[in-house]
Amino acid sequence: MGIFSKGVKKTNKGFFDRLSRAIIGKAKVDDELLDAIEEALIATDMGVDTTMKIIDNLEERISRDKYVSLDELIEVLRDEIAKLLNVQEGETADDPVQLYDFSKKPYVIMVVGVNGVGKTTTIGKIASKLQAQGKKVVLGAADTFRAAAVDQLAIWAERAGVDLIRQEMGSDPASVAFDTVKSAVAKNADVVLIDTAGRLHNRIDLMNELTKIRNVMRKVIPDAPHEVLLVLDGSTGQNAYHQAREFAKATDITSLAITKLDGTAKGGVVVGIVDQFKVPIKYIGIGEGIDDLKVFDKREYVASLFSKEDLE
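The structure displayed is predicted, hence computed values, not measured ones.

**Topic: the nonpolar core**
Ranked by internal contacts, the top residues of the largest apolar core, which has 90 residues, are Ile37, Leu58, Leu139, Leu193 and Met217. With seven residues, the single largest contributor to this core is helix H5 (residues 70–84). Apart from the residues within four sequence positions on either side, Leu139 is in contact with Ile123, Ala127, Leu153, Ala157, Val162, Asp163, Leu164, Ile165, Thr180 and Leu193.

In structure tokens:
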């Protein structure tokens, strides 16, 4: 079983279970079968709008090309979802270095997301991957309201062999971010990863804090941050959409990491979020280990999402 097959196995099985029940005894694609496909896609938390877009395109292609078999249907589904993910040729399965523009040095990534989605762990894993590729990484512990977050980031920094900039608990997060980018410039670092506080109780507070962090970093590096990475828990389904919407209102999200996909039947959330927010996914998390954070290979994901072979 491939890496991405492991990540979406539950989603894949749930989809095929529903589809198999609907297709028994049928010799052609009819409205009843299309309704079953619609329900199966929605059950993966692909979202109603994205699902309807897929079904409309499916109906059009079926009426035009007269597809009848389950295998042909699956191929059409894959094609339609690949279009939504804007699949590119020639992607490398797990090379994080290819994801960043290192002509901008240091390349500054501000990482956002609510508490509990695996944000700090994701930062640590990215740092480990980049350090292993020979990049000099500096982490900034700007989630100064949670001691556990700072301590966890310190453990990751030590494990990865990268520098960590931190201050006292309750310090101004923007001050930590300023110190981090200043230190990174002085050390000629390649990458900066800034961990931010994950609170959504008041969007205005969130917006003000993230804006302040951005502004102080720009005193050191005028175009920082070069990327705002939103971390979402794929197992929360529709709640992940809500979080993405709120963070998109608070700051300009430029990339996504979707965690905890291996434990959910809601792997369709990946497709729905990319379709709704037009933001690329860079990483998916499919387990606890450091190697279980993978660079998102869109083509492999689509192949795994509807693969009968992986149900064996």
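**Digging into the pairing of strand S1 (residues 107–112)**
Counting buried positions along S1 gives six out of six residues, so the element sits mostly inside the fold. Of the two faces of S1, the one lined by Tyr107, Ile109 and Val111 and the one lined by Val108, Met110 and Val112 are each fully buried. Across five bridges, the pairing between S1 and strand S4 (residues 191–195) is parallel. When the sheet's bridge partners are listed, Tyr107 is paired in S4 with Val191. One ladder, built from four bridges, connects S1 with strand S5 (residues 227–233); its direction is parallel. Bridge pairing links Val112 to Leu230 in S5.

**Some words on unusual backbone geometry**
The residue after Lys105, namely Pro106, is reached through a cis peptide bond having omega -5 degrees. With respect to the secondary-structure elements, Pro106 resides in the loop between H5 and S1. Across the junction of Ala224 and Pro225, the peptide omega takes the value -10 degrees, indicating a cis bond. In this fold, Pro225 is placed in the loop between helix H9 (203–217) and S5. Here the phi dihedral of Asp45 falls at roughly 65 degrees; this positive angle occurs in a residue that is not glycine. Mapped onto the fold, Asp45 is located in the loop between helix H3 (31–43) and helix H4 (48–65). Take Asp45: its relative accessible area is 8%, and that puts it in the buried class. With phi around 55 degrees, Lys278 is a residue other than glycine that occupies positive phi space. Residue position: Lys278 is located in the loop between helix H11 (269–277) and strand S7 (281–285).

Reading guide: rules and limits
Starting from 1, residues in each chain are numbered consecutively following that chain's sequence as written. Two thresholds apply to this predicted model, a pLDDT of at least 70 for residue-level local features and 80 or more for giving and counting side-chain atom pairs, whereas whole-chain, interface and lining totals are computed over all residues. Working from all heavy atoms in the structure, the side-chain values ignore hydrogens and water. Side-chain atoms within 4.5 Å link the members of a nonpolar core, which is a set of buried Ala, Val, Leu, Ile, Met, Phe, Trp, Tyr and Cys residues. For every residue, the accessible area (1.4 Å probe, protein chains only) is compared with the maximum for its type, and the residue is labelled buried under 20%, exposed over 50%, or partly exposed between those bounds. In DSSP terms, a helix is any run of H or I states spanning at least four residues, a strand is any run of E spanning at least two, and both are numbered starting from the N terminus. Whether two residues are in contact is decided by their heavy atoms: any pair within 4.5 Å suffices. At least two bridges found by DSSP between two strands are what make those strands a pair.

The analysis is restricted to geometry; functional conclusions fall outside its scope.
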